[in-house]
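# Geometric and topological summary
Single-letter residue listing:
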Amino acid sequence: TSVISEVFGEDNYVANLVWDKNRKNDAKLFSVGHEYMLVYAKNKAFFAENKIVLRAEKEGVQEVRDLFLALRSEHGDNWNEVNKELKKHYKTWDKDDPRKPLARYNKVDELGPYRDDGNINWPGGGGPRYAVIHPTTKKPCAVPKSGWRYPSLERMQEEISKGRIVFGHDEKTVPGVRSNLFEATKQVLKSVHFSYAQTATNEFNKIFNGKRIFENPKHYADLETIIDYLSSENDDLILDFFSGSCSTADAVLRLNNENNGSRKFIMIQLPESCSKDSEAYKENYQTVSDIGKERIRRVIQSISHERRQLEKDSTTLLPGIAEPLPSIDLGFKVLKLDRSNFKPWNGSDPDATEAELAEQLALHIDHINPTATQEDLLYELLLKAGFMPTEKIETHQLADHTVYAIADGALLICLENEITKDLIAAIVTAAPQQFLCLDNAFTGTDQLNAHAVQTFNALNQNRDKDMSIIFKTI
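Residues numbered from 1 in each chain as written. Predicted model: local features only at pLDDT ≥ 70, side-chain atom pairs only at ≥ 80, totals over all residues. Heavy atoms only, no water.

### A short note on helix H8 (residues 247-259)
The periodicity of an α-helix, 3.6 residues per turn, causes residues three or four places apart in sequence to face the same way. Compared with an ideal rise of 1.5 Å per residue, which puts 13 residues at 18 Å, H8 spans 18 Å between its outermost C-alpha atoms and is within 8% of the ideal. The element H8 is largely enclosed, with a buried count of 10 among its 13 residues. Of the residues making up H8, those classed as buried are Ser247, Thr248, Ala249, Asp250, Ala251, Val252, Leu253, Leu255, Asn256 and Asn257. (Helix = DSSP H or I, 4+ residues; strand = E, 2+ residues; numbered from the N terminus. Expected span 1.5 Å × (residues − 1). Buried < 20%, exposed > 50% of the residue type's maximum accessible area, 1.4 Å probe, protein only.)

### Considerations on the sheet that holds strand S1 (residues 13-20)
What the three strands build is an open sheet, ordered S2-S1-S9; its pairing is mixed. Of all strands in the sheet, those bounded by a partner on one side alone are strand S2 (34-40) and strand S9 (192-194). For this sheet, the mean angle separating the axes of adjacent strands, direction not counted, is 25°. With seven bridges connecting them, S1 and S2 associate as antiparallel partners. Along S2, the bridge assignment pairs valine 18 with tyrosine 36. (Pairing = 2+ DSSP bridges. Axes fitted to C-alpha atoms, helices over the stretch in contact; angles between N-to-C directions.)

### A word on the environment of glycine 112
Among the structural elements, glycine 112 can be located in strand S5 (residues 112-118). The class for glycine 112 is buried, based on a relative accessible area of 0%. On a C-alpha basis, the gap between glycine 112 and arginine 65 in space is 7.8 Å, while along the polypeptide they are 47 residues apart. Excluding anything up to four places from it in sequence, glycine 112 contacts Phe68, Lys107 and Phe182. (Contact = heavy atoms within 4.5 Å.)

### What about the environment of glutamate 311?
Assignment of secondary structure puts glutamate 311 in helix H10 (residues 288-317). The partly exposed category is assigned to glutamate 311, whose relative accessible area is 29%. Considered as a pair, glutamate 311 and proline 324 are 13 residues apart in the sequence and their alpha carbons are 6.3 Å apart. For glutamate 311, the residues in contact, after removing those within four places along its chain, are Pro324 and Leu325.

### Topic: the nonpolar core
The nonpolar side chains of a soluble globular protein tend to be buried, and buried together. Core analysis: the biggest nonpolar cluster contains 26 residues, and Phe208, Ile213, Ile227, Leu253, Phe265, Ile291 and Ile296 have the highest contact counts within it. Elements represented by at least two residues in this core include exactly helix H6 (197-207), helix H7 (220-230), H8, strand S11 (264-267) and H10. Among the elements that line this core, the one with the most residues is H10, at six residues. Non-local contacts of phenylalanine 208, meaning those with residues more than four positions away in its chain, are made with Ile213, Tyr285, Ile291, Glu294, Arg295 and Arg298. Core analysis: the next-biggest nonpolar cluster, separate from the first, contains 16 residues, Leu377, Phe387, Tyr404 and Leu436 among them. (Core = buried A, V, L, I, M, F, W, Y, C linked by side-chain atoms within 4.5 Å.)

### Thoughts on the packing of helix H3 (residues 61-75) against helix H4 (residues 79-90)
The contact between H3 and H4 brings their axes to 10 Å, and the two run at 145°. The two elements H3 and H4 meet at a crossing, and its hand is right-handed. Of H4, the residues touching H3 (which contributes Glu63, Val64, Leu67, Phe68, Leu71, Arg72 and His75) are Trp79, Glu81, Val82, Glu85, Leu86, His89 and Tyr90. (Left-handed = near helix turned anticlockwise from the far one by under 90°.)

### What about a nonpolar patch on the surface?
Among the surface-exposed residues, Leu237, Leu239, Phe241, Phe242, Ile266, Ile268 and Met388 lie close enough to one another that they form a single nonpolar patch of about 700 Å² accessible area. Mapped onto the secondary structure, isoleucine 266 falls in strand S11. The exposure class assigned to isoleucine 266 is partly exposed, which follows from its relative accessible area of 32%. (Patch = residues over 30% accessible without salt bridge, like charges linked within 9 Å, V, L, I, M, F, W, Y side chains within 5 Å. Areas by Shrake-Rupley, 256 points an atom, 1.4 Å probe, with all protein chains shown as cover. Salt bridge = Lys/Arg side-chain N within 4 Å of Asp/Glu carboxyl O.)

In structure tokens form, the structure reads like this:
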């Protein structure tokens, strides 16, 4: 933790989560089967300053809701039968199952499962004491030893009117507080989680048709839980510096599919080679990055198939009524880190002599890496112009020239070796925020270069400052 504290600061430490993965029966002394996840904030004070409260869905609530609706459909208002079947389902959960706390909601009525044993005592003792009349006997109920939980009779009456106070058969029993499962579906995330390693491995192998391509993958469901909890906005950017088999990307894609989110991900992985005797290498995955990329492709394919099938079933069951599912982004790009395709310009040195500046300028003009493709140049220019590499890129033909349009035309780039007046006119008509082209497109045509500068300057004088075109040669 010391290294992380140096990066983020000790004040930004949030929690140490424990993931119980498995039991090792062959251990000599202790069966150590857990892992840790350290959580730090970039600025922990931000949460308090902006009154941000983190909450997660209780595991199993939707499952119980679906079961309750099915039992209502079968048994109607026969609450004894509904409750009996519900308790039978609760018993199928292991004692360390994260859904197990829901079994405390062991009574049921038209509002669903509920519990009525909530504490009505004033915390710490010395609480208020007033007469609460039993609805049947019309006598004052027994007062808890520490006093009532609510500060006044008026406040208590509010809870009674909302049906949140449950009385005993007579006034001698202290009332209890009722909690309805379907009204309290969120909670603070616990620090201890159960996630068996074998389950994660089986789920991963399923993606690769049962083949063990990667050892000890993280379970995408665990990462879904964390991402959903910490990303307050559906369009947050999720970054994984050690992506491995890309479980994080898997989790983001599935989470977006479940709640029609638009979260994006950046996965970073060194091109670590797979062992030549590994199952991965035999399946033609030469690096860990290859495994991650293929996993993303397969998850996208699976989600796409699932969505098509769901729309087909909806159309069949509700012809003319069912609406198409909201669209989600199911694409990704693969970029590799490489050296720059441009010579660095260091003309900012105030002490440089005129001869040194001239030499530097000559180097800058001779900028293009001869082995670079247009795509190589395009993505580097994209970043230099302040755009994300994930921006939408379209190819257009303007005045018989190939022009790349980024972010719906906000940035236009032409990487051809010749610029014409017709192209300049077409760019002006398109009205981008920025236009980039090559220096050598103007070689020997100073007049055309001057024409381009004058054209864009004249246009900018007649436009709002924020809409002016930035014209650059590279």
